[in-house]
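The lines below spell out each chain.
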Amino acid sequence: MESGKKTILSLKNISKHYPGVQALDDVSIDFYEGEIHCIVGENGAGKSTLIRMISGAEEPDSGTIEFCGKVYNCMAPKLSRELGIDVIYQEFNLAEDLSVAENIFLGHEVRKNGLVDKKRLNDMAAEILKEMDVKLDTRKEVGELSVSYMQFVEIAKSLSRDIKVLIMDEPTAPLTENEVDKLLQLAVRLKNKGYTIVYISHRMNEIFRIGDRYTVLRDGKKIITDEIANTNMAGMISHMVGREMAISYPQRTHEIGPVVFEARHIYSEAVQDISFQVHAGEILGFGGLVGAGRTETIRAIFGADMMYEGETLLEGKPIQIRHPKEAVESGIGFVTEDRKRQGLLLEDSIQRNVSLPILKRLSRSMVVNRREEKKIAEKMREILHIKTPTVEANANSLSGGNQQKVVLAKWLAADCKVIFMDEPTRGVDVGAKAEIYKLMNELAKSGIAIVMVSSEMEELLGMSDRLIMLHEGRQMAELKREDFSQETVMRYASGIA
């Protein structure tokens, strides 16, 4: 133990084996009171399993967990919560038909005369959100919120309990730069109050911004635990991937071709008068804060949301899209922000997922040619380096990065002319990010037009050839690459012309 630091939580020689996978292998880590301890590693490194051990969702095969000096062979969800450990997972655990306040205090509601005191509940919820610097109507149903605000409700729910250790699993993945700042500031405030924060993120700049110490996991093993001040980004990534790896974006040397897709004066419930063109071989980025209308624009064009007014053209010819099926048939693909709920059939095989957009092409007399389907899936597995023992494995058996590759594989197999990509690297580790960037570059080189929405400033500036900036549903600017800068992007994102 470091001088002056009190150990609140200790994992001692924790191991966990699943069929065919050693998820954790003799892992020992100490967590100090009043620190932000970052757990880093590629997808499949063992981070999620580690969380499940601490929270009691899974039992270790061997090893012990020590909390506040008391030793446990394993945790249980109820025991973990009673001790003061709470987890904010990537997947939300919210009741969408209940209000914000009801979700925050779900399971420990304030009652008066035997009934839930809704006024008191709303007042207390408002205080927590105020402390988080989040403006949100506590009476609003959670199901009506955007992904980013659902994340804030999850955090508020944890803060409503008497916690000592808060585990944050990719908490900023759905957030914009401005909201990320708020969350990171909140994490530091909690640390300064004596809370222990176990922080998991693929966004390396966050690790170096707020972390005190870090632990690298690789293939289920602990590689190193050290002070963040003793390393740099290249050194940390080297530990994560087991090799030197620079964080860089692929250079595009190919020429940009003619206009492939054009949207004119798009109106929907969320956006007003959005117009843009995207060329063959080009990556057109969409930037803006949450609520700017980035996702809503491409959803309206794709037929997932109602488009009240506007015109779309593919290769110069007007097309009418009223349903996603018509978009797909026209040669337009959509990598959605939420791959688990909208991008994949998790309980189905990789093979079936890849073939979804091309079932008509693979079918004869209503019967799918499974041999051809498997052949295509195997080809996509090879091209995209999808890590799986077989394409017949279910999508939910894959890591986040490999699930995202399956989503990309669908549209690659469909021979799309245009692909909309909404947060293409959300919740994806450094190694998988580099592979996805390389793939996007290769798709552009082959002549595919890509429209990319991203909340990561570096990704937006590093991958885009041009930028369309939105603010509160309106188009603020179109920026050429030579005009890119963080200051310019943030100015337009904030609505400053």
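Residues numbered from 1 in each chain as written. Predicted model: local features only at pLDDT ≥ 70, side-chain atom pairs only at ≥ 80, totals over all residues. Heavy atoms only, no water.

What about the packing of aromatic side chains?
Moving on, step 1. In the structure shown here, the tally under the stated rule is eight aromatic pairs.
Moving on, step 2. Pairing F276 with F286 gives two aromatic rings, centres 5.1 Å apart and planes at 80°, and the pair type is edge-to-face. Within this pair, whereas F276 is found in strand β14 (residues 274-279), its partner F286 is found in strand β15 (residues 283-287), the two being separated by 10 residues in sequence. Here F276 and F286 have matching classes, each one buried.
Moving on, step 3. Their ring planes at 70° and their centres at 5.1 Å tell us that F302 and F334 sit as a pair that is edge-to-face. Of this pair, F302 sits in helix α9 (residues 294-302) while F334 sits in strand β18 (residues 332-335); the two residues are 32 residues apart in sequence, bridging distant segments of the chain.
Moving on, step 4. Since its relative accessible area comes to 5%, F334 is described here as buried.
Moving on, step 5. These aromatic residues form a ring-pair network of at least three members: F261, F276, F286, F302, F334, W411 and F420.
Moving on, step 6. A cation over an aromatic ring shows up here: R213 above the ring of Y32, its NZ or CZ 3.8 Å from the ring centre.
Moving on, step 7. Cation over ring: R491 sits above Y492, and NZ or CZ is 5.1 Å from the ring centre. (Phe/Tyr/Trp six-rings, centres within 6.5 Å; stacked < 30°, edge-to-face > 60°. Helix = DSSP H or I, 4+ residues; strand = E, 2+ residues; numbered from the N terminus. Buried < 20%, exposed > 50% of the residue type's maximum accessible area, 1.4 Å probe, protein only. Lys NZ or Arg CZ within 6 Å of the ring centre and 35° of its normal.)

Let's talk about the sheet that holds strand β24 (residues 474-480)
Moving on, step 1. Spatial ordering of the open sheet is given by β18-β21-β22-β15-β23-β24, a layout of six strands whose pairing is mixed. The open sheet has two edge strands, β18 and β24, and neither has a second partner. Each adjacent strand pair in this sheet contributes to an overall mean axis angle of 20°, direction not counted.
Moving on, step 2. Note: β18 against strand β21 (residues 418-422), four bridges, orientation parallel. In the strand pairing of β21, V335 is matched with M421.
Moving on, step 3. Contacting β15, β21 and β22 (449-453), helix α16 (residues 430-445) crosses the sheet at an angle of about 145° to β22.
Moving on, step 4. In this fold helix α18 (residues 486-493) packs onto β23 (466-471) and β24, with an angle of close to 35° to the strand it touches most, β23. (Pairing = 2+ DSSP bridges. Axes fitted to C-alpha atoms, helices over the stretch in contact; angles between N-to-C directions. Contact = heavy atoms within 4.5 Å.)

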